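Residue strings, one per chain:
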Amino acid sequence: MKGIILAGGTGSRLYPLTKVTNKHLLPIYDKPMICYPLKLLIDAGIKDILIVSGRGHAGHFLELLGSGANLGVNFTYEIQDEAGGIAQALSLAEDFADDEPVTVILGDNVFEGSIREAVESFNGGAKIFLKEVEYAKRFGVAEIDGDKIVSIEEKPEKPKSNYAVTGLYIYDSHVFDIIKQLKPSHRGELEITDVNNAYISNGEMEYSIVDGYWTDAGTMESLFRANQLVRESRMGK
């Protein structure tokens, strides 16, 4: 299993905080944001990790993280030249993956729990991680029927459940074949929701419900919430 952190994007919703740095390097309590998804992968036993960043601040990631030797892991870096969607960013990892399964996490996602068991038990296809939320229409939303996912709808006006798709996914090597068949959405991007729905159509999608808290940190409010959650967790509240 290899790990991929997607840390591109312009961070426009966090402007002007992102005028001089990448949003994934902004602080969440006592660490830069990217350290949280990185710790999740390392704690799951993943040693080879690719960081995909945009142009402009790529050197900042290298300065912060280095080779990974001090953490007992190996970092590889890749540049996403322009915003083309999460699936397009993931496509840049095909050579890095080298036909192995990959755990993919968005760089602005903060999780409390562990995914080690999910990583160690993964046996092909795909797995996504869901969390029940209050305002589901902000996210991709999973329609669930028993132990199966029927579909995923991106930011629906009338969500079919309260289970948001978090920015954490495990895929087998076929994910790159699926991405090559995608067409850009109305936003002009290759959407990760389309990747997940392809696995659902093939009957190859599993899901887990996230234990503990989860939040993204891509807006002013969610960045503030992430700081609160981490602080309260550290203080034992």
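Preceding this section is the structure that the text describes.
Structural notes, computed from the coordinates. From a predicted model like this one, the values you see are computed outputs, not experimental measurements. (Residues numbered from 1 in each chain as written. Predicted model: local features only at pLDDT ≥ 70, side-chain atom pairs only at ≥ 80, totals over all residues. Heavy atoms only, no water.)

1. Things to note about the nonpolar core
Here is step 1: Of all hydrophobic cores here, the largest spans 33 residues; its most connected members are Ile 4, Leu 90, Tyr 171 and Val 195.
Here is step 2: Every residue in contact with Ile 4, bar those within four places of it in the chain, is listed here: Leu 41, Leu 50, Val 52, Leu 90, Ala 93, Phe 96, Val 102, Thr 103, Val 104 and Ile 105.
Here is step 3: Counting residues in each nonpolar core, the second largest holds 31 residues, with Ala 7, Ile 115, Ala 118 and Val 119 among its members. (Core = buried A, V, L, I, M, F, W, Y, C linked by side-chain atoms within 4.5 Å. Buried < 20%, exposed > 50% of the residue type's maximum accessible area, 1.4 Å probe, protein only. Contact = heavy atoms within 4.5 Å.)

2. A few points about the pairing of strand E6 (residues 102–106)
Here is step 1: Burial within E6 is extensive, with 5 of its 5 residues counted as buried.
Here is step 2: Taking every second residue as pointing to the same face, both faces of E6 are buried, with Val 102, Val 104 and Leu 106 on one and Thr 103 and Ile 105 on the other.
Here is step 3: Where strand E1 (residues 2–7) meets E6, 5 bridges bridge the pair, whose relative direction is parallel. Bridging from a neighbouring strand, Ile 5 pairs with Ile 105 of E6.
Here is step 4: Where E6 meets strand E11 (residues 163–171), 4 bridges bridge the pair, whose relative direction is antiparallel. When the sheet's bridge partners are listed, Val 102 is paired in E11 with Tyr 171. (Helix = DSSP H or I, 4+ residues; strand = E, 2+ residues; numbered from the N terminus. Pairing = 2+ DSSP bridges.)

3. Description of the side chain of Asn 22
Here is step 1: Residue position: Asn 22 is located in the loop between E1 and strand E2 (27–28).
Here is step 2: On the basis of relative accessible area, Asn 22 is assigned to the buried category, the value being 5%.
Here is step 3: Only 2.6 Å separates the side chain of Asn 22 from the side chain of His 24, close enough to count as a polar contact.
Here is step 4: Not counting residues within four places of it along the chain, the set of residues in contact with Asn 22 comprises Ala 7, Gly 9, His 57 and Phe 61. (Polar contact = N/O pair within 3.5 Å; in protein donor to acceptor, adjacent residues only side chain to side chain.)

4. Remarks on the side chain of Ser 222
Here is step 1: One can find Ser 222 in helix H8 (residues 220–234).
Here is step 2: In terms of polar contacts, Ser 222 uses its side chain to reach the backbone amide nitrogen of Gly 218, at 3.2 Å.
Here is step 3: Contact partners of Ser 222, with chain neighbours within four places excluded, come to Arg 138, Thr 215, Asp 216 and Ala 217.

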